[in-house]
Amino acid sequence: MIRGLDQLDLTGKTVFVRADFNVPVRDGKITETHRIDSTLPTLRFVLARAGKVLLASHLGRPGGKPDARWSLTPVREHLEKSLARPVALAPDCVGPQVEALVRDPGQKVILLENLRFHKEEEANDPAFSQALASLADVYVNDAFGAAHRAHASTAGMARFFRAKGAGLLLRRELDYLGKALFSPDRPFVVILGGAKVSDKIGMLKNLVPKVDSLLIGGGMAYTFLKARGVAVGKSLIEEEKISLAREIIRLAESRRVPLLLPVDHIAAEQITASPITTGADIPANYMGLDIGPKTVDRFCQEIGRAGMALWNGPVGLFEEEKFSRGTRSVAQALVEHGAISIVAGGDTVAAVAQAGVEDKITHLSTGGGATLEFLEGKILPGIQALEEEP
Ligand code: AMP
């Protein structure tokens, strides 16, 4: 069992919140604040109850030593504005100066400096974990994006706490992704795309036995089509994954899971050239860069009958307008009827935003590697560390 915020006694306590503030920074300015903003509800909930709040995150890859380029200074500024209250930036994340700041009754919100300024963070060092844990009474993890890493702040320190739980963002990820894996509303339709099969093997193997139908588009579809003997021209292919694609096709057949591959394509001789619409077979000099109109209809029809739909990976080279219709149509189909829709992966979330329907998706999972590993059925160390006996 993992406790939620409302199951933790936070009143008057010093609460350590492990958040994911790993935002892109250029010239000392944050260029995309989404990760920080999505954890604000957790911070507001904790702030309204706790005596003191310690916020901790990694930022970039400083390589285990202090590096001013990766200071959390810009994060502090953004937090102060968003929370409309003073936020102090500690000079480090452990040590006497930090302890003094934590003891200071004048400081209510303290942002600890970049956890990765210490190599012990990524090494999940027990003494470092204990030093972090000694600062607070309660541990809250809201950093889903880092939950697949067994680091001191995500896994190691949790065992020092009796009172620990998931922040609102982490809870939401667990609820929706957990529902997809263990109790989906049916029919459960999964749409997979993106460039490569190799990134998705684990997910395919884990999901095939759980779904009612599987729709494959994007670059990865061509390895499957080749495995079925379809002509794919110059499309993206992973030769060494063809036998694996056959294995997945057989697995789907043995489970009686319909596996839908593109039956037509938008293809071009080069990305910059004018596209043509082809049938199932792609001419030798052409590469498939989007699903064709018949496939769009077939995919949308299947999505239309879903009770729950999970989508990872664009079904075409959507960054180019002329190859974006398939991806836009999938995005639209997901929100057109009342099914639960889950969209996972940075590119796919971007595609949904491009289609202007991001507000209508039930859950946008932004965990990146963590989301994929969760969907592969792996146990994530940062989540396991929060588990308590019921
Ligand atoms: P992934 O990170 O594996 O989800 O891949 C996302 C990328 O795959 C996006 O940049 C898409 O443009 C690209 N992609 C999707 N379909 C194709 C295709 N048919 N050919 C080449 N690239 C594609």
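For clarity, every value in this text was computed on a predicted model and none was experimentally measured.

(A) Geometry of the sheet that holds strand β17 (residues 363-365). Taken together, six strands build an open sheet; the order of strands is β11-β10-β9-β15-β16-β17 and the sheet is parallel. Either end of the sheet is taken by a strand with one partner, and the two such strands are β11 (259-260) and β17. Here strand β9 (residues 188-192) pairs with strand β10 (residues 213-216) via four bridges, running parallel. Within the sheet, the bridge partner assigned to Ile191 lies in β10 and is Leu215. The strands touched by helix α12 (residues 325-336) are β9, β15 (308-312) and β16 (340-344); relative to β15, the strand with the most contacts, the crossing angle is about 155°.

(B) The site of the ligand, seen in detail. Close to the ligand lie 17 residues; Ala195, Gly219, Gly288, Gly316 and Glu319 are nearest. The separation between a nitrogen atom of the ligand and a polar main-chain atom of Gly219 is 3.1 Å. Taking Gly316, its main chain carries an N or O atom lying 3.5 Å from a nitrogen atom of the ligand. For the ligand, the accessible surface in isolation is 500 Å², of which the surrounding protein chains cover 81%. Here the residues of the shell around the ligand sort into seven nonpolar, six polar and four charged.

(C) Fine view of the side chain of Asp290. Here Asp290 lies in strand β14 (residues 287-291). Among the polar contacts listed, one links the side chain of Asp290 to the backbone nitrogen of Arg325, at a separation of 3.3 Å. Those residues in contact with Asp290 that sit more than four places away from it in its chain are Tyr222, His265, Ile266, Val315, Gly316, Phe323, Ser324, Arg325, Gly326 and Thr327.

(D) Spatial organisation of the packing of helix α11 (residues 293-304) against α12. Running from amino to carboxyl end, α11 crosses α12 at an angle of 20°, the nearest separation of the two axes being 9 Å. When the axis of α11 is compared with that of α12, the two are roughly parallel. Judged by the twist between their axes, the crossing of α11 over α12 is right-handed. Contact residues: α11 offers Pro293, Val296, Cys300 and Ile303, while α12 offers Arg325, Gly326, Ser329, Val330, Ala333 and Leu334. Here the residues of the contact of α11 with α12 are counted per class, giving seven nonpolar, two polar and one charged.

(E) Fine view of the nonpolar core. Counting residues in hydrophobic clusters, the biggest one holds 75 residues, and the most contacted among them are Leu214 and Phe224. There are two domains that each give this core at least three residues, and those are domain 1 (5-170) and domain 2 (184-376). Ignoring anything within four residues of it in the chain, the contact list for Leu214 reads Val190, Leu192, Leu204, Val208, Val257, Pro258, Leu259 and Leu260.

(F) Region of the structure containing the domain arrangement of the protein chain. Considered domain by domain, the protein chain is made up of domain 1 (5-170) and domain 2 (184-376). Looking at the side of domain 1 facing domain 2, the largest losses of area belong to His34, Phe144 and His148, adding up to 77% of the total buried there. Between the two partners, domain 1 and domain 2, sit zero residue pairs in polar contact (both at pLDDT 80 or more). Here the residues of the side of domain 1 that touches domain 2 sort into one nonpolar, three polar and no charged.

(G) Region of interest: the sheet that holds strand β4 (residues 52-56). One open sheet accounts for six strands, arranged β5-β6-β4-β1-β7-β8; its pairing is parallel. Each edge of the open sheet is held by one strand with a lone partner, namely β5 (88-89) and β8 (163-166). Sheet topology note: the strand β7 (residues 138-141)/β8 ladder contains four bridges and is parallel. From the neighbouring strand, Tyr139 faces β8, where its bridge partner is Lys164.

(H) Broad picture of the side chain of Lys164. By the element assignment, Lys164 lies in strand β8. Despite its burial, Lys164 pairs with no opposite charge, the nearest such side chain being Glu388 at 5.7 Å. Within polar-contact distance, the side chain of Lys164 engages the backbone oxygen of Ala158 at 3.3 Å. Polar side-chain contacts of Lys164 include one of 3.2 Å to the backbone oxygen of Ala385. Residue contacts for Lys164: discarding those within four places in its chain leaves Arg3, Leu8, Tyr139, Ala158, Arg159, Ala385, Leu386, Glu387 and Glu388.

(I) Up close: the environment of Gln130. Checked against the element boundaries, Gln130 lands in helix α6 (residues 126-133). When the C-alpha atoms of Gln130 and Arg44 are compared, they prove to be 26 Å apart, with 86 residues separating the residues in sequence.

(J) View of the pairing of strand β12 (residues 265-268). Residues of β12 alternate between two faces, with His265 and Ala267 on one and Ile266 and Ala268 on the opposite face, all of them buried. In the sheet, β12 pairs with strand β13 (residues 276-278) via three bridges, with the strands oriented antiparallel. Paired with Ala267 across the bridge in β13 is Ile276.

(K) Unusual backbone geometry, seen in detail. In this structure, Pro187 follows Arg186 across a cis peptide bond, with omega equal to -5°. Here Pro187 is to be found in the loop between α7 (168-182) and β9. Even without glycine at this site, Asp27 takes up a positive phi of about 50°. By the secondary structure assignment, Asp27 is in the loop between β2 (25-26) and β3 (29-30). Here Ala84, not a glycine, exhibits a phi torsion of approximately 55°, which is positive. Looking at the element boundaries, Ala84 is found in the loop between α3 (73-83) and β5. Residue Ala84 is classed as exposed on the basis of its relative accessible area, which comes to 67%.

Rules used throughout
Residues numbered from 1 in each chain as written. Predicted model: local features only at pLDDT ≥ 70, side-chain atom pairs only at ≥ 80, totals over all residues. Heavy atoms only, no water. Pairing = 2+ DSSP bridges. Helix = DSSP H or I, 4+ residues; strand = E, 2+ residues; numbered from the N terminus. Contact = heavy atoms within 4.5 Å. Axes fitted to C-alpha atoms, helices over the stretch in contact; angles between N-to-C directions. Near = heavy atom within 4 Å. Polar contact = N/O pair within 3.5 Å; in protein donor to acceptor, adjacent residues only side chain to side chain. Areas by Shrake-Rupley, 256 points an atom, 1.4 Å probe, with all protein chains shown as cover. Nonpolar A, V, L, I, M, F, W, Y, C, P; charged D, E, K, R; others polar. Parallel < 35°, antiparallel > 145°, perpendicular 65-115°, else oblique. Left-handed = near helix turned anticlockwise from the far one by under 90°. Core = buried A, V, L, I, M, F, W, Y, C linked by side-chain atoms within 4.5 Å. Buried < 20%, exposed > 50% of the residue type's maximum accessible area, 1.4 Å probe, protein only. Domains from an automatic or database assignment. Buried area = accessible area lost by both parts, 1.4 Å probe. Lys, Arg positive; Asp, Glu negative; His and termini not counted. Salt bridge = Lys/Arg side-chain N within 4 Å of Asp/Glu carboxyl O.

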